Structures are given as C-alpha cells and as structure tokens.
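Here are the chains, one letter per residue:
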Amino acid sequence: MKYTGEAPQEELATGERSTRNRVARSILDHGPSTAADLAERVGLTQAAVRRHLDALVSDGVVEAREQRVYGTRTRGRPAKVFALTDCGRDAFDQSYDKLAADALRWIAETAGDEAVVAFARARMAAQSEAYRAAVEAADPQARTEALARALSADGYAATARSAPAPQQGEQLCQHHCPVAHVAEQFPQLCEAETEFFSSLLGTHVQRLATLAHGDGVCTTFVPRSGPAAPQTSQTTPSASSASTAGRNPA
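Residue indices begin from 1 for each chain and proceed along its sequence in written order. The predicted origin of the model limits local features to residues at a pLDDT of at least 70 and limits the giving and counting of side-chain atom pairs to 80 or more, whereas totals for whole chains, interfaces and linings rest on all residues. Only hydrogens and water are removed before side-chain values are computed, so all heavy atoms of the structure are retained for them.

### Considering unusual backbone geometry
For step 1, the next point in the chain: A cis geometry characterises the amide bond from A165 onward to P166, with omega recorded as 10°.
For step 2, the next point in the chain: The phi torsion at A157 lies on the positive side, around 50°, for a residue other than glycine.
For step 3, the next point in the chain: Overall, the relative accessible area of 7% leaves A157 in the buried class. Buried, partly exposed and exposed residues are distinguished by accessible area as a fraction of the type maximum, computed with a 1.4 Å probe on protein chains only: under 20%, between the cut-offs, and over 50%, respectively.

### Section: the sheet that holds strand 5 (residues 206-209)
For step 1, the next point in the chain: Judged by pairing direction, the sheet is antiparallel, and its 4 strands sit side by side in the order 3-4-6-5 without closing on themselves. The sheet terminates laterally at strand 3 (158-162) and strand 5, the two strands that pair on one side only. For this sheet, the mean angle separating the axes of adjacent strands, direction not counted, is 25°.
For step 2, the next point in the chain: Criterion used throughout: strands pair if DSSP finds at least two bridges between them. Numbering goes from the N terminus for both helices and strands, where a helix is a DSSP run of H or I of at least four residues and a strand is a run of E of at least two. Note: strand 5 against strand 6 (residues 218-223), 3 bridges, orientation antiparallel. In the strand pairing of strand 6, R207 is matched with T220.
For step 3, the next point in the chain: It only takes one pair of heavy atoms within 4.5 Å for two residues to be counted as in contact. Structural elements are reduced to axes, namely lines fitted to C-alpha atoms, with helices fitted over the stretch in contact, and the angle between N-to-C directions of any two is expressed from 0 to 180 degrees. Along the sheet face, helix 7 (residues 143-153) touches strand 3, strand 4 (169-174) and strand 6 and points at about 160° away from the line of strand 3.
For step 4, the next point in the chain: The strands touched by helix 9 (residues 188-201) within the sheet are strand 4, strand 5 and strand 6, with strand 5 carrying the most contacts at an inclination of about 130°.

### What about the nonpolar core?
For step 1, the next point in the chain: With 34 residues, the main nonpolar core has L104, Y131, L147, L151, L189 and F197 as its most contacted residues.
For step 2, the next point in the chain: Mapped onto this core, the elements with two or more residues apiece are helix 4 (86-111), helix 5 (113-126), helix 6 (128-137), helix 7, strand 3, helix 8 (180-185), helix 9 and strand 6.
For step 3, the next point in the chain: For this core, the leading source of residues is helix 9, giving 7 residues.
For step 4, the next point in the chain: Excluding its chain neighbours within four sequence positions, the residues that come into contact with F197 are L147, L151, L172, Q174, V205, R207 and T220.
For step 5, the next point in the chain: In this structure, A24, L28, L38 and V49 belong to the second largest nonpolar core, which totals 15 residues. Definition of nonpolar core: a set of buried residues of the types Ala, Val, Leu, Ile, Met, Phe, Trp, Tyr and Cys, connected through side-chain atoms within 4.5 Å.

### Some thoughts on the packing of aromatic side chains
For step 1, the next point in the chain: The aromatic pairing rule takes the rings of Phe, Tyr and Trp, using the six-membered ring of Trp, and pairs them if the centres are within 6.5 Å, calling planes under 30 degrees apart stacked, those over 60 edge-to-face and the rest tilted. Per the stated rule, a full pass over the model turns up 2 aromatic pairs.
For step 2, the next point in the chain: An angle of 40° between the planes, with centres 6.4 Å apart, marks the rings of F196 and F197 as tilted. Summarising the burial analysis for this pair, F196 and F197 share the class buried.
For step 3, the next point in the chain: These aromatic residues form a ring-pair network of at least three members: Y131, F196 and F197.

### Here we look at the packing of helix 7 against helix 9
For step 1, the next point in the chain: Where helix 7 contacts helix 9, the axes come no closer than 10 Å and their chain directions differ by 130°. Taken together, the axes of helix 7 and helix 9 are oblique relative to one another. The way helix 7 lies across helix 9 gives a crossing that is right-handed. Facing R143, T144, L147 and L151 of helix 7, the residues of helix 9 in contact are F197, L200 and L201.
For step 2, the next point in the chain: Only Asp, Glu, Lys and Arg are considered charged in this grouping, and only Ala, Val, Leu, Ile, Met, Phe, Trp, Tyr, Cys and Pro are considered nonpolar; every other residue, Gly among them, is considered polar. The residue makeup of the contact of helix 7 with helix 9, split by class, is 5 nonpolar, 1 polar and 1 charged. These descriptions rest on fixed angle ranges, namely under 35 degrees for roughly parallel, over 145 for roughly antiparallel, 65 to 115 for roughly perpendicular, and the rest for oblique. Crossing handedness is defined as follows: a turn of the near helix away from the far one that is anticlockwise and smaller than a right angle gives a left-handed crossing, while the clockwise case is right-handed.

### So, the environment of R121
For step 1, the next point in the chain: Here R121 shows up in helix 5.
For step 2, the next point in the chain: Sequence separation between R121 and E193 is 72 residues; the distance between their C-alpha atoms is 7.7 Å.
For step 3, the next point in the chain: Among all residues touching R121, those that are not within four sequence positions of it are A192 and E195.

### Quick look at the confidence of the model for the chain
For step 1, the next point in the chain: The quantity called pLDDT is the predictor's confidence in a given residue, expressed from 0 to 100. Mean pLDDT over the chain stands at 80; residues scoring 70 or higher make up 77%.
For step 2, the next point in the chain: Of all the helices and strands in the chain, helix 10 (residues 239-247) carries the lowest mean pLDDT, 40, while helix 9 carries the highest, 96.
For step 3, the next point in the chain: Considering only residues more than four positions removed or in separate chains, one finds that residues 1-13, a stretch of pLDDT under 50, has 19 contacts.
For step 4, the next point in the chain: Note on residues 226-250: pLDDT is under 50 here. Beyond four places in sequence and across chains, it has 53 contacts.

Put into structure tokens, the structure is as follows:
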C-alpha cells in the first residue's frame, strides 16, 4: 500500500493533506518522534499534530511505540513516539527507486561491477565529513552513540545499545534506510556503508541484518575494542544473532 495522504472518503482539504504529509516527512527525516517534537518542527499545536497522527496511524502510515530510554529511567510513563511503518517509508522511497536502480544497472553493464563498488564508496565518502566530525569529537567509548546521532540527523532513525551477551560490544541499529529497495539489487551499497562505519570507528564491524534483505532493521555489531580489519558482508558472529537482531530492532 502506498500512502497518498488522502482519507478513505477523500474528505480532506488539500491543506490538510499537505500538513499531514509534512508530519510524516518530519518523522522520516528525524526518526521516531514525540507529538511535542513534531509540533515544534512543523509549527503546529500538539493537539493539531495528534489529530494528524491519529489519521496517519489509521491509514497504516505511522505506528505508535514506547520511547526507548538509555541509562537511568526517570519516574513516570515513557513518552510515546511515532515511527513510520514499512508502508510509510515506501511512500517516500519508491518514487526514486526505479531511476536509481536503472542508473546503477547501466553503470554495471557499461563499466562492470567494480564501477558500482567505486560509486558506492564515493557516495559514502561524499557524506563522510559530518559523520567523521561527530565521531572524532566524542569520547572513545561514546563513538558508536555519536555515529547513531549523526545518522539520525540524516533520517536513518539510528540507535546504539549494548550487544546481547556473550558478545562484547554494541549494536548500531538503523530503523530507516532511504536506499533499502535499491540495495536489494545492489548490495554494494550496504557493503560500502559497512566499510565506512569500520573506518570511522577504527575497528572491524560486522553487519548482522539489513532492511534490504527483509530484516526489521539494519544492525551492525561494533566490538568494544580491536584493530580495524578488511570488511565483509558476512552476518556474523552467528546466523542466529543476525536473525534475532532483525526481528528485535533496537
């Protein structure tokens, strides 16, 4: 299902459809958000935002979930955040997917797979400055969290958490990927991103799950310490860990 912004009876005025789309777009750009965050970003009252959110939830574009809290939990109920569903992400992503896939296919056919790899790496290099600045400014033990915040600022809705035992490290999770549909056909995009994360964090990282492969979230394992090593796209430390990571997003 592709979201068009119209209610079932098409009773919404054009202005309301536009505002509803702005609310959904704000969630896409900034990741799961509270009604208060959305109200501030789109310039509406919280009551007005909640009315649009109710409609988006009804249409299957947005879903409500409990906000994850890292560190000491404060008293009271956790805030409710609103995140895009797969349907909601598709409404934004797919309009450019065919063009991007056609372009990469042409590159592969005319210049070979190596050119696709070169393009994927160049794409990451072009985005590297802000990410590198954020990571290098953070304490060594907080660099994964700093990268997650930088990714979230670009709409990847990323989080970082301790990896489940017995793994010694962290999981970097991306709940949204604007190129997930294209990466289904060209996994070089995911591989270049994984290489980039390894370079930024100064250690060998391992991709456990990806949205492009049908998992619920892109999950990357970051060991607590260790030298950087050549990247692979193997889903290690174990296949069971990868499956679990895809079904239980951070």
